[in-house]
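# Working through the structure, step by step
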Amino acid sequence: MATVTSRYPVARSGGELARRTALGVLVSVVAALSVLAIVGALGLSLGASGPQSPFAAVPVVTTTIVAGVGAAVAYAALARFTERPVRNFTALAVLVFVGMLFPVAFVAPGLGVTTAGQAVLGVLHVVVAASLVAFVVGAVRF
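Below is a short write-up of the structure.

What counts, and at which threshold
- Along each chain, numbering runs from 1 in the same order as the chain's sequence is written.
- Residues qualify for local features only when their pLDDT is at least 70, as the model is predicted, and side-chain atom pairs are given and counted only at 80 or more; totals for whole chains, interfaces and linings, by contrast, use all residues.
- Working from all heavy atoms in the structure, the side-chain values ignore hydrogens and water.
- Only the stretch in contact is used when a helix axis is fitted, and all axes are lines through C-alpha atoms; the angle between N-to-C directions ranges over 0 to 180 degrees.
- Secondary structure elements are defined from DSSP: runs of H or I of at least 4 residues count as helices, runs of E of at least 2 residues count as strands, and each element is numbered from the N terminus.
- Roughly parallel means an angle under 35 degrees; roughly antiparallel, over 145; roughly perpendicular, 65 to 115; everything else is oblique.
- Whether a crossing is left-handed or right-handed is set by the direction in which the near helix is turned from the far one by less than a right angle, anticlockwise for left-handed and clockwise for right-handed.
- Ten residues, namely Ala, Val, Leu, Ile, Met, Phe, Trp, Tyr, Cys and Pro, are considered nonpolar, four, namely Asp, Glu, Lys and Arg, are considered charged, and the remaining ones, Gly among them, are considered polar.
- Only heavy atoms enter the contact rule, under which two residues are in contact if any of them lie within 4.5 Å.
- By convention a nonpolar core is built from buried Ala, Val, Leu, Ile, Met, Phe, Trp, Tyr and Cys residues, the set being connected through side-chain atoms within 4.5 Å.
- Burial status follows relative accessibility: with a 1.4 Å probe on protein chains alone, a residue under 20% of its type maximum counts as buried, one over 50% as exposed, and anything between as partly exposed.
- Within 6.5 Å between ring centres, the rings of Phe, Tyr and Trp (the latter by its six-membered ring) count as paired, and their orientation is classed by plane angle as stacked under 30 degrees, edge-to-face over 60, tilted in between.

Relative to each other, helix α1 (residues 14-42) and helix α4 (residues 115-137) sit at 160°, their axes nearing to 8 Å. The orientation of α1 relative to α4 falls into the category roughly antiparallel. As α1 packs across α4, the resulting crossing turns out to be right-handed. Taken together, the residues that form the contact of α1 with α4 break down as 18 nonpolar, four polar and one charged.

Structure, rendered in structure tokens:
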């Protein structure tokens, strides 16, 4: 039987995975809110506005936390049931990311989101996904 080694260490415990995920969520929230602050400073017209807008702080923070919890659960399952959890998690994350771009492209315009708003949503998805994946798999350690 071959031994599989990974560049990134698999979390040895639930506590370690929770710590990684919490840091990933924290970095993701700060990055997403920074993007929104820059967009606000530039005065871009995003289309949708108000407290339920996808560009408001509460929905951004809430969806980032939910994404972090989902990422941790998926990683834990893959670590438990597969030999290569980092590779499999990364592949799953790419599939989820691509899937999440469909609503940005096809649903958001119907909600009044401009083309610039769609681009900003895409950037928000990238910064959140990259941060979460990097922390959850252990590529970034503190």
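That was the structure; now back to the text.
With that settled, consider the side chain of Thr 64. With respect to the helices and strands, Thr 64 occurs in helix α2 (residues 57-81). Leave out the neighbours within four places in its chain, and Thr 64 touches Val 25, Ser 28, Val 29, Val 128 and Leu 132.

Running from N to C, α2 and helix α3 (residues 85-106) cross one another at 140°; their axes reach a closest spacing of 9 Å. Of the possible angle classes, the one that applies to α2 and α3 is oblique. Regarding α2 and α3, the two cross each other, and that crossing is right-handed. Within the contact between the two elements, α2 uses Ala 71, Ala 74, Tyr 75, Leu 78 and Ala 79 and α3 uses Pro 85, Val 86, Asn 88, Phe 89 and Leu 92. The class makeup of the residues in the contact of α2 with α3 is nine nonpolar, one polar and no charged.

Attention shifts here to the nonpolar core. Across soluble globular proteins, nonpolar side chains show a tendency to be buried alongside one another. The biggest cluster of nonpolar side chains holds 18 residues, and the ones touching the most others in it are Phe 55, Val 113, Val 120, Leu 121 and Leu 124. When residues in this core are grouped by element, the largest group, six residues, is from α1. Sequence-distant contacts of Leu 124, that is, excluding residues within four places in its chain, are made with Ala 32, Val 35 and Leu 36. Residues Ala 71, Ala 72, Val 86 and Val 136 belong to the second largest nonpolar core, which totals eleven residues.

Take the packing of aromatic side chains next. In the structure shown here, the tally under the stated rule is two aromatic pairs. Taking the centre distance of 5.5 Å and the plane angle of 90° together, the rings of Tyr 75 and Phe 89 count as edge-to-face. Placement of the pair is Tyr 75 in helix α2 and Phe 89 in helix α3, with a sequence separation of 14 residues. Tyr 75 gets classed as buried once you look at its relative accessible area, which sits at 1%.

By themselves, these observations are geometric and do not establish any function.
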